[in-house]
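One-letter residues, chain by chain:
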Number of protein chains: 2
Amino acid sequence: MNAPFPTGVEDDSVDLGALTGSVGFMLRMAQVAVYDQFFREFANTDVRPGEFSVLWVIAMNPDLRQGTLARTLNIKPAHMTKLVQRLVREGLVKRIVPPEDRRSVRLALTDKGRIHLNRHRSTFLHVHDAERIGLTDAETTQLLGLLQKLAFKDTSSCR
Amino acid sequence: MNAPFPTGVEDDSVDLGALTGSVGFMLRMAQVAVYDQFFREFANTDVRPGEFSVLWVIAMNPDLRQGTLARTLNIKPAHMTKLVQRLVREGLVKRIVPPEDRRSVRLALTDKGRIHLNRHRSTFLHVHDAERIGLTDAETTQLLGLLQKLAFKDTSSCR
DNA sequence: TATTGTTATACTCTATAACTATA
DNA sequence: TATAGTTATAGAGTATAACAATA
């Protein structure tokens, strides 16, 4: 992965200018770096961040409606349908159509889903621990607080 | 965009548990929120964040090599080829094959590219200003510092 | 009529490998 | 042989609109 000599000698000198002051740009750059860590950790498994978050939230909220899940995770309904179909096909999730509203779908983990979640839970939670991503504990706490403010600003300011 | 009444009455009660303590998950959630702001601001234009960053970096670094650009922005070479082709097709960028190494490609803005950049420069830089994203100036500075640490940890720790 | 979720379509981004032309 | 960039292909995510079943 690291060449013995830098392949692009110029790489150092690239000037990003004011881009490093753009929250949007820097969020993307940081996300790429942090996801790299994720995929290194979960190499040779079939665990993907989006899928795993979905399993997690279903586990925390039994009989969650599919639409509610989609809104919570900012996933479009059409995409959520495919994501859930995949999880059902893998035997991790089951769909329940409740008699009180037969348009809707409620989701729950299967036994296999629960086992899958438990197997990877601890790795998932600790991939991005402070030392792993090169921050101190205090910095990580600070960062999480700021990200929560950004991510949940609409919801929290409205009630 | 906002229904007069919450469409999913349950939405409040969804519990994300330890997910809100995962740097990776929260980076994604924050990015979605912040990009929403971007697309609201640039609605009805053809400006996209990735494309615009590329134009920006080319402007800051004349005669940048395409591969160097790709590595800097964490864009895969194959994707960079298509991205540049689009920018060339739009008349914003020109490709120069230097005689000293005719395998490589150096990039520069056209006049149209410079005009395009200047027209949107200020909007682009200020979409994510503190007040726009619901943070104080101090918080934004703090956030940017932490994101830079994450994004550039490999490069900065190696020299 | 409105809502829930699905299907269909299209475009972007990512990932990989095979290819070309140069070196 | 190795490198720079391209092409081709496939998968995942995103966005939109049209649709069926149900309310």
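Now for a quick tour of the structure. (Residues numbered from 1 in each chain as written. Chains lettered and ligands numbered in written order. Predicted model: local features only at pLDDT ≥ 70, side-chain atom pairs only at ≥ 80, totals over all residues. Heavy atoms only, no water.)

1. Quick word on the sheet that holds strand S2 (residues 93-96) of chain A
1) Next: One open sheet accounts for three strands, arranged S1-S3-S2 (chain A); its pairing is antiparallel. Two strands lie at the open edges of the sheet, namely strand S1 (64-65) and S2 of chain A, each paired on one side alone. (Pairing = 2+ DSSP bridges. Helix = DSSP H or I, 4+ residues; strand = E, 2+ residues; numbered from the N terminus.)

2. Some points on the packing of helix H1 (residues 23-41) of chain A against helix H7 (residues 137-151) of chain B
1) Next: Between H1(A) and H7(B), the least distance of the axes is 8 Å, while the angle of their chain directions is 35°. In this structure, H1(A) crosses over H7(B), and the sense of that crossing is left-handed. Note on element contacts: H7(B) touches H1(A) through Thr140(B), Leu143(B), Leu144(B), Leu147(B), Gln148(B), Leu150(B) and Ala151(B), opposite Val23(A), Met26(A), Leu27(A), Met29(A), Ala30(A), Ala33(A) and Val34(A).
2) Next: Class assignment for the residues of the contact of H1(A) with H7(B) results in twelve nonpolar, two polar and no charged. (Axes fitted to C-alpha atoms, helices over the stretch in contact; angles between N-to-C directions. Left-handed = near helix turned anticlockwise from the far one by under 90°. Contact = heavy atoms within 4.5 Å. Nonpolar A, V, L, I, M, F, W, Y, C, P; charged D, E, K, R; others polar.)

3. Describing the sheet that holds strand S1 (residues 64-65) of chain B
All names here are of chain B.
1) Next: On the basis of which strands lie adjacent, the open sheet formed by three strands has the order S1-S3-S2 and antiparallel pairing. Two strands lie at the open edges of the sheet, namely S1 and strand S2 (93-96), each paired on one side alone.
2) Next: Strand direction decides the pairing type here: S2 and strand S3 (residues 106-109), joined by four bridges, are antiparallel. Bridge pairing links Lys94 to Ala108 in S3.
3) Next: Sitting on the sheet, helix H2 (residues 49-60) is in contact with S1, S2 and S3, with an inclination near 100° to S3.

4. What to know about the protein's contact with DNA strand D
1) Next: In the vicinity of DNA strand D lie 21 residues, with Gln66(B), Thr81(B), Gln85(B), Arg95(B) and Arg103(B) positioned nearest.
2) Next: Per the 4 Å cut-off to the protein, sugar and phosphate atoms form 77% of the nearby atoms of DNA strand D.
3) Next: At 2.6 Å from a phosphate oxygen of DNA strand D is found a side-chain nitrogen or oxygen belonging to Gln66(B).
4) Next: Between DNA strand D and the protein, one listed contact pairs a phosphate oxygen with a side-chain N or O atom of Gln85(B) at 2.7 Å.
5) Next: Contributing elements (two or more residues each) for the surface near DNA strand D: helix H4 (77-89) of chain A together with helix H3 (66-72) and helix H4 (77-89) of chain B. (Near = heavy atom within 4 Å. Polar contact = N/O pair within 3.5 Å; in protein donor to acceptor, adjacent residues only side chain to side chain.)

5. Things to note about the interface of chain B and chain A
1) Next: The interface is formed by 63 residues belonging to chain B together with 63 residues belonging to chain A.
2) Next: Overall, the association of chain B and chain A removes approximately 6,000 Å² of surface from exposure, summing both partners, and the carbon and sulfur fraction of that is 66%.
3) Next: On the chain B side of the interface with chain A, the three residues burying the most area are Val23(B), Leu146(B) and Leu150(B), jointly 9% of the side's total.
4) Next: Taken together, the links from chain B to chain A amount to two salt bridges.
5) Next: Measuring nitrogen to oxygen at the nearest pair gives 2.6 Å for the salt bridge that ties Lys149(B) to Glu139(A).
6) Next: On inspection of chain B and its partner chain A, the count reaches twelve residue pairs in polar contact (both at pLDDT 80 or more).
7) Next: Among the elements that make up the side of chain B that touches chain A, the one with the highest residue count is helix H1 (residues 23-41) of chain B (13 residues).
8) Next: Its residues assigned to classes, the side of chain B that touches chain A shows 31 nonpolar, 19 polar and 13 charged. (Buried area = accessible area lost by both parts, 1.4 Å probe. Salt bridge = Lys/Arg side-chain N within 4 Å of Asp/Glu carboxyl O.)

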